[in-house]
Amino acid sequence: KQEVTQIPAALSVPEGENLVLNCSFTDSAIYNLQWFRQDPGKGLTSLLLIQSSQREQTSGRLNASLDKSSGRSTLYIAASQPGDSATYLCAVRLANTDKLIFGTGTRLQVFP
Amino acid sequence: AAGVIQSPRHLIKEKRETATLKCYPIPRHDTVYWYQQGPGQDPQFLISFYEKMQSDKGSIPDRFSAQQFSDYHSELNMSSLELGDSALYFCASSLEDRGYNEQFFGPGTRLTVL
């Protein structure tokens, strides 16, 4: 059974810091991996999608890497801003399924 | 850019009542997914449809049913509601046909069962 874990569970940093959020998964037979952000009580905003054949994806200040063999993905946030404060979720999709299996999330707070 | 639309945004029901949630995918998307997120929990996959046919099924209770219509919108029907059904229900859509399988989520429907 695929399990997805995120470390740390919570993170509080001053504005301007570069951050690394970690995601690990137990079954390496994934189809793709997505990173989302969720504001309290709100929907999920897709940040980046990495296909199983890819090593990394970049979007603005965000960079996500994938090491399928070791079951790990990292989300790098450069020059963090207070507006980045949210919960960040990684989700994996196994081959031959539609469902995303979500991690436990990292709650990020960036203070001015 | 157009996003996934869900209605209603909030719904309050009594136990044993029935609820219907609607989802309108991003135009030209061919696949719809339903997820349930309980308080303080991560989203759990319920069911998905590709080209109006059920594609995959997760932990969806037998009291729930769903379908995708000819215009690609989808409805989640929930009967004999229980207190534990109170949650945020998300619909997502993607374009699977071309391999663009990124799932885009709607704002969710918050269901409260009293």
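You'll find the structure just up there.
Report follows, based on the coordinates. These numbers come from a predicted model, not from an experiment. (Residues numbered from 1 in each chain as written. Chains lettered and ligands numbered in written order. Predicted model: local features only at pLDDT ≥ 70, side-chain atom pairs only at ≥ 80, totals over all residues. Heavy atoms only, no water.)

Residue and element names in this part refer to chain A. The strand order across the open sheet formed by five strands is 1-3-8-7-6, and the pairing between neighbours is antiparallel. Each edge of the sheet is formed by a strand with only one pairing partner; in this case those strands are strand 1 (4-7) and strand 6 (56-59). Taken over all neighbouring pairs, the strand axes of this sheet differ in orientation by 15° on average, direction set aside. Taken together, the four bridges between strand 1 and strand 3 (residues 19-25) define a ladder with antiparallel strand orientation. In the strand pairing of strand 3, Val4 is matched with Phe25. (Pairing = 2+ DSSP bridges. Helix = DSSP H or I, 4+ residues; strand = E, 2+ residues; numbered from the N terminus. Axes fitted to C-alpha atoms, helices over the stretch in contact; angles between N-to-C directions.)

Counting residues at the interface gives 20 residues for chain A and 20 residues for chain B. Interface area, chain A with chain B, both sides summed: about 1500 Å², of which 47% is carbon and sulfur. Considering only the surface of chain A that becomes buried against chain B, Leu44(A), Asp98(A) and Phe102(A) emerge as the three largest contributors, covering 33% of it. Where chain A packs against chain B, one counts zero salt bridges. There are eleven residue pairs in polar contact (both at pLDDT 80 or more) connecting chain A and chain B. (Contact = heavy atoms within 4.5 Å. Buried area = accessible area lost by both parts, 1.4 Å probe. Salt bridge = Lys/Arg side-chain N within 4 Å of Asp/Glu carboxyl O. Polar contact = N/O pair within 3.5 Å; in protein donor to acceptor, adjacent residues only side chain to side chain.)

All names here are of chain B. Here Thr31 shows up in strand 4 (residues 31-37). Taking relative accessible area as the criterion, Thr31 reaches 1% and is therefore assigned buried. Here Asp30 takes part through its side chain, which lies 2.9 Å from a polar atom of the side chain of Thr31. Once you skip the residues sitting within four places of it in the chain, Thr31 turns out to touch Phe49, Tyr50, Ala92, Ser93, Ser94 and Glu96. (Buried < 20%, exposed > 50% of the residue type's maximum accessible area, 1.4 Å probe, protein only.)

So, on to unusual backbone geometry. Between Ile7(A) and Pro8(A) the backbone carries a cis peptide bond, its omega angle lying at -5°. Following Ser7(B), the chain continues to Pro8(B) via a peptide bond in cis, the omega torsion being -10°. Of note, Arg16(B) is a non-glycine position whose phi angle comes to about 75°, a positive value. Assignment of secondary structure puts Arg16(B) in the loop between strand 2 (10-13) and strand 3 (19-24). Residue classification places Arg16(B) among the exposed residues on the basis of a relative accessible area of 66%. Phi angles above zero are rare outside glycine, and Ser80(B) is one such case at about 45°. What makes Ser80(B) partly exposed here is its relative accessible area of 39%.

Right, let's get into the packing of aromatic side chains. Following the criterion strictly, the structure yields eight aromatic pairs over all chains and no others. Ring centres of Phe36(A) and Phe105(B) lie 5.2 Å apart, and the angle between their planes is 80°; this geometry places the pair in the edge-to-face category. With Phe36(A) in strand 4 (residues 30-38) and Phe105(B) in strand 10 (residues 100-105), this pair bridges two chains. In this structure Phe36(A) comes out as buried when scored by relative accessible area, which is 0%. On the basis of relative accessible area, Phe105(B) is assigned to the buried category, the value being 10%. Seen in terms of ring centroids, Tyr35(B) and Phe105(B) are 5.2 Å apart; in terms of plane orientation they differ by 40°. Their pairing is tilted. (Phe/Tyr/Trp six-rings, centres within 6.5 Å; stacked < 30°, edge-to-face > 60°.)

Residues and elements named next belong to chain A. The buried fraction of strand 9 (residues 86-94) amounts to eight of the nine residues, a majority that puts the element mostly inside the structure. In the sheet, strand 9 pairs with strand 11 (residues 106-111) via three bridges, with the strands oriented antiparallel. Bridged to Tyr88 within strand 11 is Thr106.

Residue and element names in this part refer to chain B. As for its position among the elements, Asp71 is in the loop between strand 7 (64-68) and strand 8 (74-78). Residue Asp71 is classed as partly exposed on the basis of its relative accessible area of 48%. Each C-alpha atom, one on Asp71 and one on Pro27, is 9.7 Å from the other, the two residues being 44 residues apart in sequence. Separated by 2.7 Å, the side chains of Asp71 and His73 make a polar contact.

Membership of the largest hydrophobic core comes to 25 residues, with the highest contact counts inside it found for Leu33(A), Trp35(A), Leu75(A), Ile77(A) and Tyr88(A). If one sorts the elements of this core by residue count, strand 9 of chain A sits on top with five residues. If we ignore the near neighbours within four places in the chain, the residues touching Ile77(A) are Glu17(A), Asn18(A), Leu19(A), Leu21(A), Arg61(A), Leu62(A), Asp84(A), Tyr88(A) and Leu108(A). In terms of nonpolar packing, the next biggest core, distinct from the first, is built from 22 residues, Val4(B), Ile60(B), Ala87(B) and Val113(B) among them. (Core = buried A, V, L, I, M, F, W, Y, C linked by side-chain atoms within 4.5 Å.)

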